[in-house]
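Secondary and tertiary structure notes
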Amino acid sequence: MLKNPYVAVRQADGTQTYGGNQAWLSTEAERSFGCGLIAAADILRYLRNRAGREDSSRMVSQTGVRTMVGKQEYLDDIHVLAQDFRVRGKLGITGFGLARRMNRIFRRENLPYRSKWSIGKKRLLRRLPEMLEADIPVLLSVGPGFFHKDQTLPLYRRAEDGKYVKASSMRDHYVTVTGAVEDGMLLISSWGQAYYMNFEDYIDHIRKYDNFLFSSILYIQ
């Protein structure tokens, strides 16, 4: 699990989300294909906040970035970031494009990180837990599965009895992994909600219906 609270957005009715929600974005293209923008924005907020706590002398600490934020403040930040993460049409943002944009922001804000799109099963198996252990949220994709568009990866909620119950599914989507729990389940943020996904099912889904070019993680170190 991450060592600090993940990004939460406080809404007008007092409820809190688990990460941002692409349904709040400005344009139809962003609402439909802006999952990468939201995941990147939330990870940046988390890392900025962590950098500010670790070293109060850093320039970034003076921004007052917090992981708990009101919805309007969150949207104001997204509006600024959208200039870096432009979402155009059905292609959204590729993993390589996300890495380039994140690196540009890391350099601009003097944040001590670098990112790259990770390709390959061995790298994925090693780097995902490595990032969580280093207290870095993981941007993860489930690819489009061009020839298997009817195949989706299930997402779960945890019932009161501890059992995992299917609550949604995804394909052609970016999410943020915020922790690993027992039974090979990963805690994720998607559409402002907390879900669980089975990591072994994810690897099996890639092997059967997609590939490790489109289904992988943004490796940040």
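Calculation rules
Numbering of residues begins from 1 in every chain and follows the order in which that chain's sequence is written. Side-chain atom pairs in this predicted model are given and counted only at pLDDT of 80 or more, local residue features only at pLDDT of at least 70, and totals for whole chains, interfaces and linings cover all residues. Only hydrogens and water are set aside; all other atoms, that is, all heavy atoms of the structure, feed into the side-chain values. In summary, the pairing rule links any two rings of Phe, Tyr or Trp, Trp by its six-membered ring, whose centres are within 6.5 Å, and it sorts them by plane angle into stacked for under 30 degrees, edge-to-face for over 60 and tilted for everything else. Elements are defined by DSSP. Helices are runs of H or I of four residues or more, strands are runs of E of two residues or more, and each kind is numbered from the N terminus. Working definition: with a 1.4 Å probe on protein chains only, accessible area under 20% of the residue-type maximum means buried, over 50% means exposed, and in between means partly exposed. Geometrically, a charge over a ring is one whose NZ (Lys) or CZ (Arg) sits within 6 Å of the ring centre while staying within 35 degrees of the ring normal. Throughout this description, the term nonpolar core refers to a set of buried Ala, Val, Leu, Ile, Met, Phe, Trp, Tyr and Cys residues connected via side-chain atoms within 4.5 Å. Arc definition: it is the arc formed by the directions from the helix axis to the C-beta atoms. None of His or the chain ends enter the tally, which takes Lys and Arg as positive and Asp and Glu as negative. Here, a salt bridge means any Lys or Arg side-chain nitrogen found within 4 Å of an Asp or Glu carboxyl oxygen. Distance thresholds for patches are 9 Å for like charges and 5 Å for nonpolar side chains (Val, Leu, Ile, Met, Phe, Trp, Tyr), applied to residues having over 30% relative accessible area and no salt bridge. Surface accessibility in these figures is a Shrake-Rupley result with a 1.4 Å probe; residues are shielded only by whichever protein chains are displayed. Each residue carries a pLDDT score, the predictor's own confidence in it, on a scale running from 0 to 100. Residues count as neighbours in contact if any of their non-hydrogen atoms are within 4.5 Å of one another. Expected span of a helix, by definition, is 1.5 Å for each gap between consecutive residues, and there is one gap fewer than residues. Lines fitted to C-alpha atoms define the axes, with helix axes restricted to the stretch in contact, and inter-axis angles between N-to-C directions lie between 0 and 180 degrees. Comment on the angle field: the value is read as roughly parallel under 35 degrees, roughly antiparallel over 145, roughly perpendicular from 65 to 115, and oblique elsewhere. For any helix crossing, the convention is left-handed if the near helix is rotated counterclockwise from the far helix by under a right angle, and right-handed if that rotation is clockwise.

Observations concerning the packing of aromatic side chains
The final tally for this structure, using the stated rule, is eight aromatic pairs. Aromatic pair Tyr6 and Tyr18: ring centres 5.3 Å apart, planes at 50°, arrangement tilted. Placement of Tyr6 in the segment before β1 (8-10) and of Tyr18 in the loop between β1 and α1 (28-33) is noted, with a sequence separation of twelve residues between them. Assessed through its relative accessible area of 22%, Tyr18 is described here as partly exposed. Ring centres of Tyr6 and Tyr46 lie 6.4 Å apart, and the angle between their planes is 35°; this geometry places the pair in the tilted category. Taken together, the residues span a long stretch of sequence, with Tyr6 in the segment before β1 and Tyr46 in helix α2 (residues 35-54) at a distance of 40 residues. When sorted by exposure, Tyr6 lands in the same class as Tyr46, which is buried. Three or more aromatic residues joined by ring pairs make a cluster, and in this case those are Tyr6, Tyr18 and Tyr46. Over the ring of Tyr219 we find Arg127; its NZ or CZ atom is 4.3 Å from the centre of that ring.

Things to note about the nonpolar core
Residues Phe85, Leu128, Tyr202 and Ile220 are the most contacted members of the largest nonpolar core, which totals 61 residues. The leading source of residues in this core is α2, at eleven residues.

With respect to helix α3 (residues 71-81)
Note on helix geometry: an α-helix contains 3.6 residues per turn, so any two residues three or four positions apart are oriented the same way. Buried within α3 we find Tyr74, Ile78 and Leu81. The buried side chains of α3 occupy one side of the element, clustering within an arc of 60° when seen end-on. Of the exposed residues in α3, the ones pointing more than 90 degrees away from its buried face are Gln72, His79 and Val80.

A few points about the side chain of Glu30
Along the chain, Glu30 falls in helix α1. Buried charge Glu30 goes without a salt bridge, the closest partner of opposite sign being Arg31 at 6.6 Å.

Some remarks on a nonpolar patch on the surface
Together, Phe96, Ile119, Phe146, Phe147, Leu213 and Phe214 give the surface a local cluster of nonpolar side chains, amounting to about 620 Å² of exposed area. For Phe146, the location among the structural elements is in the loop between β4 (138-142) and β5 (153-158).

Re the confidence of the model for the chain
Note: predicted coordinates in regions of low pLDDT should not be interpreted at a detailed level. Looking at the chain as a whole, its pLDDT mean stands at 89, while 92% of the residues score no less than 70. In this model residues 55-64 is a low-confidence stretch, pLDDT under 50, and it forms 14 contacts with partners more than four residues away in sequence or in other chains.

Considerations on the side chain of Asn103
Here Asn103 is to be found in helix α4 (residues 95-108). By relative accessible area, which is 14% here, Asn103 ends up buried. What Asn103 contacts, discounting residues up to four positions off in sequence, is Arg114 and Ser115.

Looking at unusual backbone geometry
Across residues other than glycine, the phi torsion is negative in most instances, and most of the peptide bonds are trans. Within the chain, Asp135 stands out as a residue other than glycine whose phi angle is a positive 65°. Of note, Asp135 is situated in the loop between α5 (121-133) and β4. Look at Asp135 and you get buried, because its relative accessible area is 4%. Phi is positive for Trp191, which is not a glycine, with a value near 55°. Summarising the element assignment, Trp191 is placed in the loop between β8 (185-190) and β9 (193-198). On the basis of relative accessible area, Trp191 is assigned to the partly exposed category, the value being 37%.

A short note on α5
Between its first and last C-alpha atoms α5 spans 19 Å; for 13 residues at 1.5 Å apiece the expected length is 18 Å, and the two agree. By the burial criterion, the buried members of α5 are Leu124, Arg127, Leu128, Met131 and Leu132. Buried residues belonging to α5 abut β3 (115-117), β4, β7 (173-180), β8, α6 (199-209) and β10 (217-220).

Points about the packing of α5 against α6
Where α5 meets α6, the axes come as close as 12 Å, and the angle between the chain directions of the two elements is 160°. Classed by the angle they form, the pair α5 and α6 counts as roughly antiparallel. Both α5 and α6 take part in a crossing whose hand is right-handed. Across from Lys121, Leu124, Leu125 and Leu128 in α5, the residues of α6 making contact are Phe199, Tyr202, Ile203 and Ile206.

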